[in-house]
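Chain residues, written in single-letter form:
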Amino acid sequence: DSGVTQTPKHLITATGQRVTLRCSPRSGDLSVYWYQQSLDQGLQFLIQYYNGEERAKGNILERFSAQQFPDLHSELNLSSLELGDSALYFCASSVAVGANTEAFFGQGTRLTVV
Amino acid sequence: AQSVSQHNHHVILSEAASLELGCNYSYGGTVNLFWYVQYPGQHLQLLLKYFSGDPLVKGIKGFEAEFIKSKFSFNLRKPSVQWSDTAEYFCAAYPYNQGGKLIFGQGTELSVKP
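Residues numbered from 1 in each chain as written. Chains lettered and ligands numbered in written order. Predicted model: local features only at pLDDT ≥ 70, side-chain atom pairs only at ≥ 80, totals over all residues. Heavy atoms only, no water.

### A closer look at the overall build of chain B
Then comes step 1: Looking only at helices and strands, one finds 0 helices and 12 strands in chain B.
Then comes step 2: Secondary structure elements of chain B, listed N to C terminal, follow the sequence β-β-β-β-β-β-β-β-β-β-β-β.
Then comes step 3: Computed over the C-alpha atoms, the radius of gyration of chain B is 14 Å, within 12% of the 13 Å expected from 2.2 N^0.38 for a compact globule of 114 residues.
Then comes step 4: If one aligns the C-alpha atoms of chain B with their principal axes, the spans along those axes are about 45 × 30 × 20 Å.
Then comes step 5: The burial tally for chain B puts 47% of its 114 residues in the buried class.
Then comes step 6: Summed over all atoms, the accessible surface of chain B reaches about 5400 Å², with 51% contributed by carbon and sulfur. (Helix = DSSP H or I, 4+ residues; strand = E, 2+ residues; numbered from the N terminus. Rg over C-alpha atoms; globule rule 2.2 N^0.38 Å. Buried < 20%, exposed > 50% of the residue type's maximum accessible area, 1.4 Å probe, protein only. Areas by Shrake-Rupley, 256 points an atom, 1.4 Å probe, with all protein chains shown as cover.)

### Looking at unusual backbone geometry
Residues and elements named next belong to chain A.
Then comes step 1: Residue Thr-7 is joined to Pro-8 through a cis peptide bond whose omega torsion reads -10°.
Then comes step 2: Structurally, the position occupied by Pro-8 is in the loop between β1 (5–7) and β2 (10–13).
Then comes step 3: The phi torsion at Asn-51 lies on the positive side, around 50°, for a residue other than glycine.
Then comes step 4: As for its placement among the helices and strands, Asn-51 is situated in the loop between β5 (42–50) and β6 (53–57).

### Some thoughts on the interface of chain B and chain A
Then comes step 1: In this complex, chain B contributes 20 residues to the contact, which on the side of chain A involves 26 residues.
Then comes step 2: Taken together, both faces of the contact between chain B and chain A bury some 1800 Å²; the carbon and sulfur share is 54%.
Then comes step 3: Counting across the chain B and chain A interface gives 1 salt bridge.
Then comes step 4: With its nearest N and O atoms 3.4 Å apart, the salt bridge here joins Lys-49 of chain B to Glu-102 of chain A.
Then comes step 5: Along the contact surface separating chain B from chain A lie 5 residue pairs in polar contact (both at pLDDT 80 or more).
Then comes step 6: Elements that contribute at least two residues to the side of chain B that touches chain A include exactly β5 (31–38), β6 (44–50) and β10 (87–95) of chain B.
Then comes step 7: When residues in the side of chain B that touches chain A are grouped by element, the largest group, 4 residues, is from β5 of chain B.
Then comes step 8: Here the residues of the side of chain B that touches chain A are counted per class, giving 10 nonpolar, 8 polar and 2 charged. (Contact = heavy atoms within 4.5 Å. Buried area = accessible area lost by both parts, 1.4 Å probe. Salt bridge = Lys/Arg side-chain N within 4 Å of Asp/Glu carboxyl O. Polar contact = N/O pair within 3.5 Å; in protein donor to acceptor, adjacent residues only side chain to side chain. Nonpolar A, V, L, I, M, F, W, Y, C, P; charged D, E, K, R; others polar.)

### Describing empty space enclosed by the protein
Then comes step 1: Under the defined criterion, the tally for this structure stands at 1 cavity of 30 Å³ or more.
Then comes step 2: Considered as a void within the structure, the largest cavity measures approximately 30 Å³ in volume.
Then comes step 3: Around the largest cavity, the lining residues are Tyr-33, Thr-101 and Ala-103 of chain A together with Phe-34, Tyr-36, Tyr-94 and Leu-102 of chain B.
Then comes step 4: Taken together, the residues of the lining of the largest cavity break down into 6 nonpolar, 1 polar and no charged. (1 Å grid on protein atoms, 1.4 Å probe; cavity = no way out; pocket = protein on both sides within 12 Å on 5 of 7 lines; lining within 4 Å. Points joined across faces, edges and corners; volume = space filled by probe spheres on them.)

### Focus: the nonpolar core
Proteins that are soluble and globular tend to have nonpolar side chains buried together.
Then comes step 1: Core analysis: the largest hydrophobic core is formed by 29 residues, its most contacted members being Trp-35, Leu-47, Leu-48, Phe-74, Leu-76 and Tyr-89 of chain B.
Then comes step 2: Within the residue set of this core, elements represented by two or more residues are β2 (10–14), β3 (19–21), β5, β6, β8 (64–68), β9 (73–78), β10 and β12 (108–113) of chain B.
Then comes step 3: Residue contacts for Tyr-89 of chain B: discarding those within four places in its chain leaves Gln-6, Leu-21, Trp-35, Tyr-36, Val-37, Leu-47, Phe-63, Leu-76, Gly-107, Thr-108 and Leu-110 of chain B.
Then comes step 4: By size, the runner-up hydrophobic cluster in this structure holds 20 residues, among which are Val-19, Ile-47, Ile-60 and Ala-87 of chain A. (Core = buried A, V, L, I, M, F, W, Y, C linked by side-chain atoms within 4.5 Å.)

Pasting the structure below:
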């Protein structure tokens, strides 16, 4: 158990809908990362937050947004869902930012868009 | 584009065979390197990491990796694999001055036959 909790584990929804994925970081970790894992794209970095502020952005679509709350949990919002958004979404957390920090990953949320 | 490349998509070995998984990165500056493992149905776990110093790093479960700066490589090795090593292996790079992005390779699926 990495200490990073993601809910829900599985989500099935229809095209055009909106979903929210939730991540609780390890106790004491201030930084949260979101990744999308799909068969054709591999593990793609989406976005990173540190202590409530956005720190880095990757290949995140405009239909997707995220935030980190004062209690440090984070939510990834996916809207106007398309079939191609079906993927495993991972959250990771680390104590700080910077290249010398180790990221711990959650179990992921498997999103299926039908 | 700056990236991390894993050359082997799927590797099949028999137990006790030696393993080497290739990883190359394309960042010119200082970069920290990681290998993560994802067992079936589980989250990514850190196997080992290289930040600086001895380019031969040892990780958990008998894995090691060698950082060769001139070749931009960070290959993962294990002298004798076990059936329990069956998993997907991801190489990742954290380039300095890249704004907090841990970039992953496409992953290599390792199947070990008993």
